[in-house]
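Spelled out from the first residue to the last, the chains are:
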Amino acid sequence: MFRYILKRLVIMVPTLLITSLLIFWAMDLAGGDPVDQILPENASVAQRDAMRQQMGFNDPFMIRYLRYIKGIVTGDMGKSYISGEDVFKTFMGRLHMTLLLGGTALIFACIISIPLGIYTALHENTWKDTAAMVFALFGQSMPNFWLGLMLILLFSLKLGLLPSGGTGGIRYLILPSVTVGLSLAALLTRTTRSAMLDVIRQDYMTTARAKGASYQRVIYNHGLRNALIPIITAIGMQFSYVMTGSALAETVFGWPGIGRLVVESINKRDTPMVTGSIILCCVLMAVINLSVDIIYAFCDPRIKAQYSSKG
Amino acid sequence: MKQAKKTIDGEVVYRGRSMGQETWRRLKKNKGAMIGIAFLILLILATTIANFVYDYDTDIIAMSRDRFLAPCKDHIFGTDNMGRDIFARVIYGAKYSLFISLGSTAIGLLVGLFLGALAGYYGGLIDNVIMRLTDIFYSIPYIMIAVVVVSLLGTSTMSLLFAMALGTFSAFARITRASIMTVRDQEFIEAGYAMGLPTWKIIIKHVLPNCLSPIIVQTTLKVGANIISASSLSFLGVGVTPPTPEWGAMLSDGRSYIRSSGWMCLFPGLAIMFTVLALNLLGDGLRDAMDPKLKK
Amino acid sequence: MENVLEVKDLVVRYETDDGVVYAINGLSFSIERERTLGLVGETGAGKTTTAMSILNLVPDPPGVIAGGSITLDGKDVLSMSEKELEKMRGNDVAMIFQDPMTALNPVIAVGRQIAESLVIHEKISSDKAMERAKGMLEMVGISASRSYDYPHQLSGGMKQRVVIAIALACHPTFLIADEPTTALDVTIQAQVLALIKNLIDNNHMSMLLITHDLGVVAEVCDDVAVMYAGRIVEIGTADDIFNHTGHPYTEGLFNSLPNLKQKGEDLIPIKGLMPDPMRLPEGCSFSPRCPYKTEVCNSSCPSLQLVEGKHYVACSRLGFLKK
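Owing to the predicted nature of the structure, the values given are computational and were not obtained by experimental measurement.

Criteria and thresholds
Residues numbered from 1 in each chain as written. Chains lettered and ligands numbered in written order. Predicted model: local features only at pLDDT ≥ 70, side-chain atom pairs only at ≥ 80, totals over all residues. Heavy atoms only, no water. Pairing = 2+ DSSP bridges. Helix = DSSP H or I, 4+ residues; strand = E, 2+ residues; numbered from the N terminus. Contact = heavy atoms within 4.5 Å. Salt bridge = Lys/Arg side-chain N within 4 Å of Asp/Glu carboxyl O. Polar contact = N/O pair within 3.5 Å; in protein donor to acceptor, adjacent residues only side chain to side chain. Core = buried A, V, L, I, M, F, W, Y, C linked by side-chain atoms within 4.5 Å. Buried < 20%, exposed > 50% of the residue type's maximum accessible area, 1.4 Å probe, protein only. Axes fitted to C-alpha atoms, helices over the stretch in contact; angles between N-to-C directions. Buried area = accessible area lost by both parts, 1.4 Å probe. Parallel < 35°, antiparallel > 145°, perpendicular 65-115°, else oblique. Left-handed = near helix turned anticlockwise from the far one by under 90°. Nonpolar A, V, L, I, M, F, W, Y, C, P; charged D, E, K, R; others polar.

**Q** Quick question: what am I supposed to make of the sheet that holds strand S5 (residues 75–76) of chain C here?
**A** Picture the strands of a sheet paired through backbone hydrogen bonds; they go either parallel or antiparallel. Taken together, four strands build an open sheet; the order of strands is S2-S1-S4-S5 (chain C) and the sheet is antiparallel. Each edge of the open sheet is held by one strand with a lone partner, namely strand S2 (19–32) and S5 of chain C.

Pasting the structure below:
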């Protein structure tokens, strides 16, 4: 198992290198003349050239790229064109806000969708099942930033119950996490439902009942444990979605996370910040994906065996 | 729809239905899917008429008089901060969402099909290289991809199209590859070789038709997903920008006036939701209609 | 000797979207203490439904137990509450299933699955239960060191032994074995069968063995019941059935077995197919295929008549068989 993790980490490195290379190259093309951002407008051509030379902007592409990569490891990814702040520090400073938002949204989604999915699977084809599926369908069809706006309209403006943006306490976390969590909940409900429907038909469920296990025990100890496998897979695949959703919710609610950082930076043409934050986002996602795979292995002993034997 | 009857040697023989006919027959039974199709046809008709019959500048902008009118008899969706009728803009603007999502899905589909087919059929090194590449695009959220593309190409409809195609092709590549790998080793393919058919013919006539159903379903669902993505990106300012009447851009406008004129935020969003809902209903219906394991 | 199990006039049907399936149509038999009854019949005769009915585990939609009674150890199974049923299952009566590949939960260690029965019924701690589970594994011929293995790590025969260990963990008095060796290789079949027989004898248990294999019946069973289209057509001791066959269907089953001593002769299958359980024929269900049939057979469905001792046959033309 340990060897598997090591192997995955080793594979992760070249993938991330290629990704960062692509991004660096694209942003390099797009970035425009960096010197314009640093020197005042009336600087002479000579001063510009000198600055470029000094900052290493005249060096060939690969040298600059490698220098940048070295910078990632040491924590120096350049400074923002706009604020002059350190890119790495800024990103890390806002990372926990996004994780907080994403994590809360995920917990919210699981609390709703897993029980609901189980319930609808056990009551297949009743009106309750149909109603829940309709709800899930609507949830998956609406753009989550619009949901955020509608929630603000209802809860902040009309009812005055919750703040419409910013940070400051649990109250500020509620609407943003519901916004991100609801569409996730819609998807997870459908996934849970179909996973449970599959599991219920399995023979080992009958074996368990023949042992004298109570209905509840059969559903949870035997059924859910097996259904969790496709559910976790789905959650893992949705992490990319949660990141995106966070960016949108962060914009709507003024939540200071990394998603909003990326969007603001692009709107301000702050190239180093955009480059740095996107690359760091990719690293983050690779780490999350690996963690999900490991959790997945712990849930399904067959996969664990595969990982351990392949080494 | 009656089955075709033939008489052969005096015995009545029923002609089997083609897969397309069978799918359509099963689809018709699904009320949700039918509602979805009806809605989409209506929307396409409405926006086509609006775009051909009316000219945006003269008929809609010029008509703007009163600003910030709440929904009323003359303006069923109200008017916005420049006095433009929101209903007209929503219908007119449908073309952007439809064009961008259909276009990006189509490009993504073609590229994904091609790459996935190569990877699935030949396996080995080709498979590995292609899948590493698609994995990179699969795991990066579309917002990041769009941000990079837009940095390079600026904000416009075409750059948005390109960015979203980049975000779409990987899913199709995966599905195609998986379907092909399941089919490729089956015996009827060997039979094809034994009969002397050339490789390309085998791929087109035998392998691809079996992969068709998951691809069709995914295409429908992706168009819906891309409508949401396109409007999200426009909302963030990374896609189509105001004053173009794209739904996401309209929501971005409306956000500034949400306190006073909430309807500016309501209707474009509803338009997005119902369009995507129609596509999801259709996609789900297709999935059920094409599943050979489903009873009834 | 008193009866461990008494089934009287059981009627079970499945109400599906495509129509009603008449799975069991007036089934009656009984099993005495410490005796084994083999229930023989082709696929679709209703054997598994019978087994599930005894545990009252017939899936509720679409299955309906429409009539009859089932008495286990003097208690009426069909009127028990869910709690009483849960106490009974695994404890007084246990079941072994046909397909060991799917009968075990893939994500729980085999030892724990055995221990679960003990935890449920004897309310002991899971550690103590694991200890006893290891003992059970040894009893069915598997090393206790494998108690933390997962099902996919065991062979088919070993998986079936685990299923047996689960069934016997709480020392039930009655075992239902639904085609326990059908899914196994022939050599393993013999081993598993011997194991089952051994355990039944040592623990003084009664057993209902469901099978379509007459050879298995001959090896293991004291009594035999032959089932066709949801009813018992012949029942008696093994000697009665094998040596004094009374029903045309039973005769047909024996005739269709290949016999080494008759090499070169044609196999004699039974003409026709089992009737569609949604559209059972009027009168005797076997009559369309019966070489002895007469007018009477088409109109009335015969009930079991006593031939001698414990041997009953449901046939209007009793006594006309070639033997």
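**Q** What exactly am I supposed to notice about the interface of chain A and chain C here?
**A** Many descriptions give the size of an interface as the accessible area lost when the pieces come together. At the interface, 22 residues of chain A touch 24 residues of chain C. For the pair chain A and chain C, the number of links is three salt bridges. Put simply, C:Glu116 and A:Arg217 hold a salt bridge, and the shortest N to O gap is 2.7 Å. At the junction of chain A and chain C, the tally comes to twelve residue pairs in polar contact (both at pLDDT 80 or more). Going through the elements one at a time, helix H9 (203–210), helix H10 (215–237) and helix H14 (301–310) of chain A are the ones with two or more residues in the side of chain A that touches chain C.

**Q** Would you mind going over the nonpolar core with me for this structure?
**A** Nonpolar side chains tend toward joint burial in soluble globular proteins. With 144 residues, the main nonpolar core has A:Ile278, B:Ile86, B:Val147, B:Phe235, B:Val238, B:Trp247 and B:Leu251 as its most contacted residues. The next biggest cluster of nonpolar side chains, apart from the first, holds 95 residues, and it includes C:Val140, C:Ile176, C:Ile241 and C:Cys290.

**Q** Even after reading the chapter, I still don't get the sheet that holds strand S7 (residues 174–178) of chain C, so can you show me in this structure?
**A** All names here are of chain C. Strand order in this open sheet of eight strands is S6-S7-S8-S3-S9-S10-S12-S11, and the pairing throughout is mixed. Edge positions in the open sheet fall to strand S6 (93–96) and strand S11 (305–308), since each of these has one partner strand only. Going across the sheet, the axis of each strand differs from the next one's by a mean of 20°, ignoring polarity. Strand direction decides the pairing type here: S11 and strand S12 (residues 311–313), joined by three bridges, are antiparallel. Note on S12: the bridge partner recorded for Gln 305 is Val 313.

**Q** What is the right way to look at the interface of chain A and chain B in this model?
**A** Every contact between the two is made by 41 residues of chain A and, on the other side, 36 residues of chain B. Interface of chain A and chain B: buried area, both sides summed, is about 3,500 Å²; carbon and sulfur atoms make up 79% of it. Considering only the side of chain A, the residues that lose the most area to chain B are A:Ser141, A:Phe145 and A:Trp146, jointly responsible for 16% of the buried surface there. Across the contact surface, chain A and chain B share one salt bridge. One salt bridge in this structure joins B:Asp284 and A:Arg190, with 2.5 Å as the shortest N-O distance. Inspection of the region where chain A meets chain B yields seven residue pairs in polar contact (both at pLDDT 80 or more).

**Q** Just to check I follow, could you spell out unusual backbone geometry for this structure?
**A** Of all residues except glycine, most have a negative phi; of all peptide bonds, most are trans. Residue and element names in this part refer to chain C. Of note in this structure, His 171 is not a glycine but carries a positive phi near 55°. Exposure remark for His 171: the relative accessible area of 48% places this residue in the partly exposed category. Here His 204, not a glycine, exhibits a phi torsion of approximately 55°, which is positive. Inspection of the secondary structure assignment puts His 204 in the loop between helix H7 (186–202) and strand S8 (206–211).

**Q** Please clarify how the pattern of salt bridges should be interpreted in this entry.
**A** Side chains bearing opposite charge may pair, as long as their charged atoms lie close to each other. Counted by the stated rule, this structure contains 26 salt bridges over all chains. The partner of B:Asp135 in a salt bridge is B:Arg174, with the nearest N and O atoms 2.7 Å apart. Of this pair, B:Asp135 sits in helix H5 (residues 124–139) while B:Arg174 sits in helix H7 (residues 157–184); the two residues are 39 residues apart in sequence, bridging distant segments of the chain. Assessed through its relative accessible area of 22%, B:Asp135 is described here as partly exposed. Under the relative-accessibility criterion, B:Arg174 is labelled partly exposed at 31%. Among the salt bridges present, the one from C:Glu82 reaches C:Arg89, with a minimum N-O distance of 3.5 Å. Given a relative accessible area of 0%, C:Arg89 falls into the buried group. Each of A:Arg94, A:Arg260 and A:Glu264 takes part in salt bridges that share partners, so that together they form one network.

**Q** Help me out: how do you make sense of the packing of helix H12 (residues 258–267) of chain A against helix H13 (residues 271–299) of chain A in this one?
**A** The relative placement of two packed helices comes down to the angle between their axes together with the axis-to-axis distance. All names here are of chain A. Running from amino to carboxyl end, H12 crosses H13 at an angle of 150°, the nearest separation of the two axes being 9 Å. The angle between H12 and H13 falls in the class roughly antiparallel. Taken as a pair, H12 and H13 cross one another with a handedness that is left-handed. Contacts from Ile 258, Leu 261, Val 262, Ser 265 and Ile 266 of H12 reach H13 at Met 273, Val 274, Ser 277, Ile 278, Cys 281 and Leu 284. Among the residues making up the contact of H12 with H13, the classes are represented as nine nonpolar, two polar and no charged.

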